[in-house]
Amino acid sequence: MSKVSTKERTKTTAVDTAAPFRWPDANSTAELVLDEGLAFCARKAGLDSVESVIESLRQGESTVHQYCRYGLAKKVAESIGQLDENVKSVYTLDYDATPQDRCFGADDQASLIHLIVWAGRKTDALDALVKALDRALVQAYAELVNVPQLTHLLDVQIVDDADVEGRRGYGALLSSIHNRPIKVWAR
Amino acid sequence: MERQIDVRTKQVSPAFVVRDTADQDLWATVLNQLDDVAENLQLDSGIHAILRQPERELTVSVPVVMDDGHIEVFTGYRIQHSSARGPCKGGIRYHPAVNLNEVRALAALMTWKCAVVNIPYGGAKGGVQCEPGELSQDELCRMTRRFTAMIMPIIGSRRDIPAPDVNTNPQVMAWITDTVSMLERKTVIDIVTGKPIPLGGSKGRTEATGRGVAITTLELLKRQGIAPNDARVAVQGYGNVGSHAATILNGMGCQIVAVSDVTGGLYKGDGLDISGINKHVTAHPKGLLEGYGAPGVEQIDNDELLTSDVDVLIPAALEHQIRADNADDIRASMIVEGANGPTTREADSILGERGVVVVPDILANAGGVVVSYFEWVQDLQCYFWDEKEVNDNLKRIMVRSFKEVWDFSQEKDVPLRLGAYMLAVDRVANAVKSRGVFP
């Protein structure tokens, strides 16, 4: 499989300097996430190169989008966990009213990457980290897959111990049987 | 040369042991709910005992040769809670935390769901403990085929008809169909529902649940003496269920004044332009509401949507959205549960005390299983309906089911949720009683 970095494939522009939070290496983290996420997708979808993955994504191939979302979810989760010690575990989930209807709904290419981040406590820093990573990823991914109007790639919900123990909001989903998320990273 | 075999049995990670306790609680919750209903119905203790236990539980090992040549052994389940009213029906899910208690609970819930809409099915559920995202398409296909072969002794078009659930989809259903067809040496398209349309799937399935929610809402409005044109509706969740429910209700004259998705919500006091919103969502690269703007439309968040000044609130997003901490703030006088479990038990009590009418998920979002039933009927007949026929029959069943639950609840003087469960259990109990205990 050829190894071409995201940087070579796309001209990733800098994160908005007016943003309230910038951590030192948003763009390179996003590039790493995309490189590894796409390589994972190529392996699982049975494609011979990352370039084939990108071509399939551009053509809206549903299965490739599905693997790409999972691969990126894992890498985003890993990055968030490594950059914030407060994070305990990260989960990915499919979002719709019922799981049966999820698979009859919109094509997979039309889905955000839904993550639940379980942290010891909700902090502004973690919130800013997630937003910065989303901005950097959107810029890189939008050029790669040729969707310039893309504004979000991630839907990240942060929950704390009280949410999980009290089964409040997204914290309730961690023990849900209907829309059960899958753990993709844990400390 | 002798080939070295590397066999790895998938172990449940400790992280899921905690959840297993929650699943035991869930099965206990399902049993407690049955016990409450049995008491209200003064159910015969023998029949009650029969319904407290699944009819059949099958645990299978699913060895799969992975792409790198090593063998992994997954664990799969198929549980049939009741076949008293007809063949069992229920989905198959792929998830690392699938376990017996979870599948037991879901199988029982399917029994009640099929009974409440009076379709001739019992309840079942199945699953394989795996991480589907980590499996390649080839591995997923091999795992599905082996699992199918292992549960084949108990499934069949007159025994137990699986369907998609968490992390399974029409492609997985197509693999199951093909596997059974190959092993039985004939084409067996009636073995599962939720198939792709070219393989015997039904038209109208995509919109079925949302359409069912809309039909239920219109029936509720009728009982409350409110004309659709006078009804103000808020829909939380603009996915497959919420968007279709909003579109159909809007087409029937209802004012959809608020909608929301993960990016936030939209509000317009005299009604949103749903057709314009649908065009925006279709054009949006991720199918979202964000970025939509029109004169008079305000941006709101999900909490504001839940407490907006409307007649009907349709939670069609995720579970546990209406809780003890926000139930008092809800201004809608009617709630129609499009999602599974959007109202917590505590919130349900608060809403009941306040006189808010709640149409429970077991009835409101049953449109999907009704159209799955139609798919099976069409497959058995090898005669396929056009979409109008599917929609007309769905309407007939949902209208009838709503009436039966409403009348039963009025007669027993209980809330619709309890009434729906009582009616469902009563139907299953009557079937058990009529059939008698074999031998």
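Within every chain, residues take consecutive numbers counted from 1 along the sequence as written. Labels are handed out in written order, letters beginning with A for the chains and numbers beginning with 1 for the ligands. Only residues with pLDDT of at least 70 are given local features in this predicted model, and only at 80 or more are side-chain atom pairs given and counted; all residues enter the totals for whole chains, interfaces and linings.

Quick word on the overall build of chain B
- Helix and strand definitions follow DSSP, with helices as H or I runs of at least four residues and strands as E runs of at least two, each counted in order from the N terminus. Along chain B, the regular secondary structure elements total 14 helices and 13 strands.
- Two things to know: the radius of gyration comes from C-alpha atoms, and the globule rule equals 2.2 Å times the number of residues to the power 0.38. For 439 residues, the compact-globule estimate of 2.2 N^0.38 gives 22 Å, and chain B sits close to it at 22 Å.
- Dimensions of chain B along its principal axes, counting C-alpha atoms only, are 75 × 55 × 50 Å.
- Residue pairs qualify as contacts under a 7 Å threshold applied to their C-beta atoms, which are placed from the backbone. In chain B, once contacts between residues fewer than 6 apart in sequence are set aside, the share between residues at least 24 apart is 70%.

Section: the overall build of chain A
- From N to C terminus, chain A includes 7 helices and 4 strands.
- Sequence-ordered secondary structure for chain A, helices as α and strands as β, is α-α-α-α-β-α-β-α-β-α-β.
- Here exposure depends only on C-beta density: within 10 Å of a residue's C-beta, 20 or more other C-beta atoms make it buried, 12 or fewer make it exposed, and intermediate numbers make it partly exposed, the C-beta atoms being placed from the backbone. Buried residues in chain A amount to 55% of all 187 residues.

Brief notes about the interface of chain A and chain B
- Each partner contributes to the interface: chain A provides 39 residues, whereas chain B provides 49 residues.
- Broken down by secondary-structure element, the contributors of at least two residues to the side of chain A that touches chain B are α2 (26–45), α4 (62–83), α5 (99–102) and β4 (182–186) of chain A.
- When its residues are assigned to classes, the side of chain A that touches chain B shows 17 nonpolar, 13 polar and 9 charged. We call Asp, Glu, Lys and Arg charged. Ala, Val, Leu, Ile, Met, Phe, Trp, Tyr, Cys and Pro are nonpolar, and the rest, Gly among them, are polar.

Observations concerning the nonpolar core
- Ranked by size, the top nonpolar core spans 187 residues in total, and within it Val53 of chain A together with Val116, Val233 and Val370 of chain B carry the most contacts.
- Ranked by residues supplied to this core, first place goes to helix α3 (residues 100–116) of chain B with 11 residues.
- For every domain, the bounds stem from an assignment made automatically or drawn from a database. Residues lining this core come from more than one domain, with at least three contributed by each of domain 1 (17–193) and domain 2 (205–364) of chain B.
- With residues near it in sequence (within four places) discarded, Val233 of chain B still touches Leu249, Cys254, Gln255, Ile256, Val257, Val310, Asp311, Val312 and Ile314 of chain B. By definition, a nonpolar core groups buried Ala, Val, Leu, Ile, Met, Phe, Trp, Tyr and Cys residues that connect through C-beta atoms lying within 7 Å of each other.

Re the packing of helix α7 (residues 240–251) of chain B against helix α8 (residues 274–283) of chain B
Residues and elements named next belong to chain B.
- Interaxial angle, 0 to 180 degrees, is taken between N-to-C directions of lines fitted to C-alpha atoms, where a helix line uses only the stretch in contact. At their nearest, the axes of α7 and α8 sit 10 Å apart, and the two run at 150 degrees to each other. Compared by their axis directions, α7 and α8 come out roughly antiparallel. Seen from above, α7 lies across α8 with left-handed handedness. Within the contact between the two elements, α7 uses Ser243, Ala246, Thr247 and Asn250 and α8 uses Ile274, Asn278 and Val281.
- Residues of the contact of α7 with α8, tallied by class, amount to 3 nonpolar, 4 polar and no charged. When describing relative orientation, an angle under 35 degrees is termed roughly parallel and one over 145 degrees roughly antiparallel, while 65 to 115 degrees is termed roughly perpendicular and anything else oblique. A clockwise turn of the near helix away from the far one marks a right-handed crossing, whereas an anticlockwise turn of less than a right angle marks a left-handed crossing.

Here's the deal with the sheet that holds strand β12 (residues 334–336) of chain B
Residues and elements named next belong to chain B.
- Strands are labelled as partners when DSSP assigns at least two bridges between them. The strand order across the open sheet built from 7 strands is β10-β9-β8-β7-β11-β12-β13, with neighbouring strands paired in mixed fashion. The open sheet has two edge strands with one neighbour each: β10 (298–300) and β13 (357–359). Each strand of the sheet is rotated relative to its neighbour by a mean of 20 degrees, with strand direction disregarded.

Notes on the domain arrangement of chain B
- Along its sequence, chain B is carved into domain 1 (17–193) and domain 2 (205–364).
- The gap between the C-alpha centroids of domain 1 of chain B and domain 2 of chain B is 31 Å.

Topic: the pairing of β4 of chain A
All names here are of chain A.
- Burial within β4 is extensive, with 4 of its 5 residues counted as buried.
- With 4 bridges joining them, strand β1 (residues 87–92) and β4 adopt antiparallel strand pairing. Within the sheet, the bridge partner assigned to Ser89 lies in β4 and is Ala186.

A few points about unusual backbone geometry
- Each neighbour pair has its own omega, and for Phe438 of chain B with Pro439 of chain B the value is 10 degrees, a cis peptide bond.
- You can see Pro439 of chain B is positioned in the segment after α14 (416–435).
- The phi dihedral of Asn146 of chain A falls on the positive side, at around 65 degrees, and the residue is not glycine.
- Residue classification places Asn146 of chain A among the exposed residues on the basis of 11 C-beta atoms within 10 Å.

Topic: the confidence of the model for chain B
Residues and elements named next belong to chain B.
- When pLDDT is averaged along chain B, the result is 93; 95% of the residues meet or exceed 70.
- pLDDT expresses how confident the predictor is about each individual residue, on a scale running from 0 to 100. This stretch, residues 11–21, has a pLDDT under 50; its non-local contacts, to residues over four places away or in other chains, come to 10 contacts.
- Both scores are given for the predicted complex: the pTM is 0.90, the ipTM 0.85.

Notes on the confidence of the model for chain A
- The predicted model of chain A has a mean per-residue pLDDT of 83, with 82% of residues at 70 or higher.
- The least confident element of chain A, judged by mean pLDDT, is helix α1 (residues 6–9) of chain A at 45; the most confident is β1 of chain A at 96.

Side note on the packing of helix α6 (residues 205–223) of chain B against helix α12 (residues 367–381) of chain B
Residue and element names in this part refer to chain B.
- Look at α6 against α12: their axes get within 7 Å of each other, and the N-to-C directions meet at 135 degrees. Taken together, the axis directions place α6 and α12 in an arrangement best described as oblique. For the pair α6 and α12, the sense of crossing is right-handed. Facing Arg205, Ala208, Thr209, Arg211, Gly212 and Val213 of α6, the residues of α12 in contact are Gly367, Gly368, Val370, Val371 and Glu375.

Quick look at the sheet that holds β1 of chain A
All names here are of chain A.
- Strands sit in the order β3-β2-β1-β4 across an open sheet of 4 strands; the sheet is mixed. Looking at which strands have only one partner, the edges of the open sheet turn out to be β3 (154–159) and β4. Going across the sheet, the axis of each strand differs from the next one's by a mean of 25 degrees, ignoring polarity.
- Relative to the sheet, α4 contacts β1, β2 (113–119), β3 and β4, its axis offset from that of β2 by approximately 25 degrees.
- Sheet strands in contact with helix α6 (residues 124–145) are β2 and β3, and its direction is about 170 degrees off that of β3.

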